[in-house]
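# Structural description and commentary
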Amino acid sequence: MSQGSMNLMIGGEAGQGLVTIGQVLAKALVKSGYHILVTQDYMSRVRGGHNTFTIRFSPQDLDSPCEGLDLLVALNQETLARHAKELNAGAVVLADTGLSCGQTPCLNVPYEDLADKRYLNTVALGVAASLLKLDLELVAQTLETAIGKKKGDKVVEENRQALEKASQWAAGQEHGLKPPAPEKEPDKRMMLGGNQAIALGALAGGLKFVAFYPMTPSTAIALTVIAHAEQMGVVYEQAEDEIAAVNMALGASYAGAPALVCTSGGGYALMTEGVSLAGMTETPLVIALAMRPGPATGLPTRTEQGDLLFALHGGHGEFPRAILTPGSVKQCFAAGYRALHLAEKYQTPVFILTDQFLADSLRALTPFDLSGLTPVRPGGGGASGGDYRRYAITGDGISPRRLPGMGPELVIADSDEHDQEGHITEDLELRVRMNDKRLAKQKGLRAEVEPPVFVGPEAADTLLVSWGSSQGPVAEAARRLGEEGQSVATCHFSQVWPLVPDQFAERFKKAGQVVVIEGNATGQFAGLLRKEAGIQAQRFIGRYDGLNLTPEYILRQLAS
Amino acid sequence: MMVDIKDYGDFETAWCPGCGNFSIRKALIQALAESDLAPHQILLVSGIGQAAKTPHYLRCNCFNGLHGRSLPAATGAKLANPELKVITTSGDGCNYGEGGNHFLAALRRNVNLTMLAHDNQIYGLTKGQASPTSMEGMHTKAQPTGVHSYPFNPVAVAVSMHVGFVARGFAGEVEHLAGLIKQALAHPGLSLVDILQPCVSFNKLNTFQWYKERVYKLGEGAEHDPADWDAAIRLSYEFGDRIPIGVIYTNDRPAFDSYFPVLNKGPLATQEVDYGVMEKVLESYC
Ligand SMILES: Cc1ncc(C[n+]2csc(CCOP(=O)(O)OP(=O)(O)O)c2C)c(N)n1
Ligand code: SF4
Ligand SMILES: [Mg+2]
């Protein structure tokens, strides 16, 4: 077992229904009182290939996925070939009688005897659920909700029969798998991924408009908003390209609808002129950028933290921005909410920078508390009246924002350098004042930066630094080292820009060695720390093979 | 209170004396006043180019965005505030070149916008390179052996896509053009007015005189039923010795905006976010 938790993997081809049963199993575990952490590894294809859906579960909250499997559900031969070497001692493997297990001790499931071929994945679900001692009725109901069908429906009945046969069969098997006992009286919990949490946070923040062009791993952000659009009064459009998406969002935002675009690296590349337009026209804009490995099309469905500097520098010219880097699904909700508020207040682009690992990672969470939250109210500030000037020069750089058509004032927004009213100017002295005015907003943005979170001893021998999705793996790696008696602390940045050295530099100096851990090859954040805070990390641990960081990966690198 | 032409103000412009843009501005203001639309009720969205400077030269709400991107920005604004009268004013390069994909998508999408394309068949602001509508054989410094690409025909493309209102105007016929713009503003879906616009500085081929000799008005001895798609298609290809101006094609396909019930309730900015509903949304993930 992995640290009081259990780690199970379902592996097979795309099209075998493994994501469906994975989600049902995960949801059933949540309902039974477990915390979960799902990682999905899939190939960029709709049929075939090799995909996995891994669930780590525990009665306690989990920080990170881990390596080593306790239960492997192999829907095809390739799963055995690839993952047999990852089995922990005492692990159980479920495989079709037709698959050759070689040296691996397998529980051979007679799938074809238990149900029709079409229900192979349901049988796998039934056997796995039974081994994990889950309530069969709960699993059946969860499956029915997932397929969107009611009791009495033919498909539902056949699924139920398959589940029952599977669990009867499983009951007669010897296996020795001992799942940890669930929490006794669990709270009601949601099951959510990073993308969904960003969408829900943005909706709570007052999102009214989303435009996007489909791109893995970001698409589910838009799809989640769209699923609730009618209820929440949101307008949406799948644009003809990312350039259109960002310009639509800017048009909508200018006209008073808090707006978001979601994309990945390639799409963001197309959006950058629009990001710059947001900076110049001072139009609030939220960009949810879910990273995948590049360059170019790269590995479309895998993970990487390789676009930090691109998020920071994308868009020509100089203008203020903020980059939020949530480290967990819960933080994704907070980032979605906060990004809308920051964008509106500072009238400038705000990024939510995640990656495929976090975007697709499902967790169990108590429903978010909405008390104390308020949706964004676009527009406002300054006195109204005849001499309204959209870009009035103010001390903090924030000019009063009016909405076109909602009052007598005319709202003039311009991508050319402009005067305070908004009209084109080539007065170079005024240009300097307008540029200064826009950049003055950085001061307020800096004052609102979420400080990085330190855990562990004040002057640790080793300080492990992370940003974004690396938080969990780093936290667990540090905990394991601490258990071995080492002096290790962690520091996680859930906002990487602006970077305010006063919030962390002192404590960095007290550490014996600073190790920056991030999912890229060149140490982008390590470089940023050097440039902005004069901090030279002693070590950098990077990962860029398309897979997420794990505690084990970090520990191996630290030891080498 | 009736809106007066004077409400739109007087501005110094950066256009060359004699440019067709002056007449387009005049026709636009006349159409707005006659439609009783006050400056604060309208939003002019433009890209970058000489034509795209138009919103700075009349009193209005203005979003002067990026080269080629007026249509998506206008789409977003209209979908955020259905009460705004949204008009795009940009050139042929902006609309059909840099923004070509947006033009095609806008024709399909049919948002309730009026698109005024100042079509001078040249890139004015960048000093005279060929545009997508430049005629074959036109020589420029960038096309020293002449334009070899076949000219884009925005009117024919729009008609072929069954756009609800397609017209061609001429900057040299201000009254006629104002009438077309007025009808376009009244159309409850995408309306395209492609406007032949002499560029005195760079287009030495399609001059004022060149257009004057060729254009003829539909409906004045040249009867045409804009509901007749086959006839409209034929007319849209007439661009040579004779060029028809007027309304080429109309239909009443419902606008994209009409599919969002939330837009019946007015601007999105005035609608409260319901946290009661939000709680239910969160609950659905349990
Ligand atoms: C992304 C980008 N590319 C190129 C330009 C340079 N540019 C400005 S206007 C223009 C063409 C203008 O032609 P048109 O749209 O026909 O307008 P006109 O000046 O003729 O009215 C170009 C290429 C730009 N501003 N932005
Ligand atoms: S360059 Fe041509 S289009 Fe531009 S203002 Fe001068 S005449 Fe008009
Ligand atoms: Mg032009």
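So, here's what we can say about the structure. What you see is a predicted model; the values in this text were computed from it and never measured.

### With respect to the interface of chain B and chain A
Between chain B and chain A, the contact holds 52 residues from the first and 66 residues from the second. A combined buried area of about 4900 Å² lies between chain B and chain A, and 66% of that area is made up of carbon and sulfur atoms. Three residues, F63, Y275 and Y285 of chain B, lead the burial of chain B against chain A; their summed loss comes to 15% of the area buried on that side. Note that R109 of chain B and E240 of chain A form a salt bridge whose closest N and O atoms lie 2.6 Å from each other. Counting the contacts that link chain B with chain A gives 22 residue pairs in polar contact (both at pLDDT 80 or more). Elements with a minimum of two residues in the side of chain B that touches chain A: β2 (61–64), α2 (70–80), α4 (100–109) and α9 (275–283) of chain B.

### Focus: the pairing of strand β18 (residues 488–493) of chain A
All names here are of chain A. For β18, the tally of buried residues reaches six of six residues, placing the bulk of the element in the interior. Of the two faces of β18, the one lined by V488, T490 and H492 and the one lined by A489, C491 and F493 are each fully buried. Bridge count for strand β17 (residues 462–467) against β18 is six bridges, and the pairing is parallel. Bridging across to β18, L463 finds its partner in A489. Each parallel crossover has a hand, and the one from β17 via helix α16 (residues 471–483) to β18 is right-handed.

### A short note on the packing of helix α10 (residues 242–254) of chain A against helix α11 (residues 265–281) of chain A
Residue and element names in this part refer to chain A. Viewed as axis vectors pointing N to C, α10 and α11 meet at an angle of 30°, and their least axial separation amounts to 7 Å. One element, α10, and the other, α11, form an angle in the roughly parallel class. At the point where α10 passes α11, the crossing takes the right-handed sense. From α10, E242, I243, A245, V246, N247 and L250 reach across to α11, where they touch G267, L270, M271, G274, V275, L277 and A278.

### A look at the site of ligand 1
Q50, D92, G93, C94 and G124 of chain B are the nearest of the 17 residues found near ligand 1. Ligand 1 is flanked by residues contributed from chains A and B. In the environment of ligand 1, an oxygen atom lies 2.8 Å from a nitrogen or oxygen atom belonging to the backbone of G93 of chain B. Relative to its unbound accessible area of 590 Å², ligand 1 is 79% covered by the protein chains. At four residues, helix α3 (residues 92–98) of chain B tops the list of elements feeding residues into the shell around ligand 1. For the shell around ligand 1, a count of residues per class yields six nonpolar, eight polar and three charged.

### Some remarks on the environment of S167 of chain A
Residues and elements named next belong to chain A. Looking at the secondary structure, you find S167 in helix α6 (residues 154–171). Through-space distance from the C-alpha of S167 to that of A128 is 8.4 Å; in sequence the pair is 39 residues apart. Ignoring sequence-local partners within four residues, the contact set of S167 consists of G126, S130 and L136.

### Notes on the side chain of T283 of chain A
With respect to the element layout, T283 of chain A can be found in the loop between α11 and β11 (285–291). Look at T283 of chain A and you get buried, because its relative accessible area is 2%. A distance of 2.7 Å separates a polar atom in the side chain of T283 of chain A from a polar atom in the side chain of T281 of chain A. Setting aside its immediate chain neighbours within four residues, T283 of chain A contacts L250, S253, Y254, A278, Q347 and T348 of chain A together with F63 of chain B.

### As for the coordination of the magnesium ion (ligand 3)
Residue and element names in this part refer to chain B. Within the protein, the atoms that donate to the magnesium ion (ligand 3) are D92 (OD), N120 (OD1) and I122 (O), at distances of 2.1 to 2.2 Å. We note that the donor set of the magnesium ion (ligand 3) lies within a single chain, spaced as D-x27-N-x1-I. There is no split in this pair, since N120 and I122 are both buried.

### Considerations on the sheet that holds strand β20 (residues 513–518) of chain A
All names here are of chain A. Taken together, the five strands give an open sheet; going across it, the order is β16-β18-β17-β20-β21, and neighbouring strands pair in mixed fashion. In this open sheet, the two strands that pair with only one neighbour each are β16 (453–455) and β21 (539–542). The mean inter-strand angle of the sheet, taken between neighbouring strand axes irrespective of direction, is 20°. As defined by bridge partners, β20 adjoins β21 across four bridges and the pair is classed as parallel. Bridge pairing in β21 places V516 opposite F540. Strands in contact with helix α19 (residues 551–559) are β17, β20 and β21; relative to β21, the strand with the most contacts, it is inclined by about 140°.

### Description of the site of ligand 2
Residues in close proximity to ligand 2 include W15, C16, C19, Q50, N120, Q197, C199, V200, S201 and F202 of chain B, which together make up its full environment. Classifying every residue of the shell around ligand 2 gives six nonpolar, four polar and no charged.

Conventions we followed
- Residues numbered from 1 in each chain as written.
- Chains lettered and ligands numbered in written order.
- Predicted model: local features only at pLDDT ≥ 70, side-chain atom pairs only at ≥ 80, totals over all residues.
- Heavy atoms only, no water.
- Contact = heavy atoms within 4.5 Å.
- Buried area = accessible area lost by both parts, 1.4 Å probe.
- Salt bridge = Lys/Arg side-chain N within 4 Å of Asp/Glu carboxyl O.
- Polar contact = N/O pair within 3.5 Å; in protein donor to acceptor, adjacent residues only side chain to side chain.
- Helix = DSSP H or I, 4+ residues; strand = E, 2+ residues; numbered from the N terminus.
- Buried < 20%, exposed > 50% of the residue type's maximum accessible area, 1.4 Å probe, protein only.
- Pairing = 2+ DSSP bridges.
- Right-handed = clockwise from strand over helix to strand, strands pointing away.
- Axes fitted to C-alpha atoms, helices over the stretch in contact; angles between N-to-C directions.
- Parallel < 35°, antiparallel > 145°, perpendicular 65-115°, else oblique.
- Left-handed = near helix turned anticlockwise from the far one by under 90°.
- Near = heavy atom within 4 Å.
- Areas by Shrake-Rupley, 256 points an atom, 1.4 Å probe, with all protein chains shown as cover.
- Nonpolar A, V, L, I, M, F, W, Y, C, P; charged D, E, K, R; others polar.
- Donors = N, O, S within 2.8 Å, 3.2 Å for Na, K, Ca; no water.

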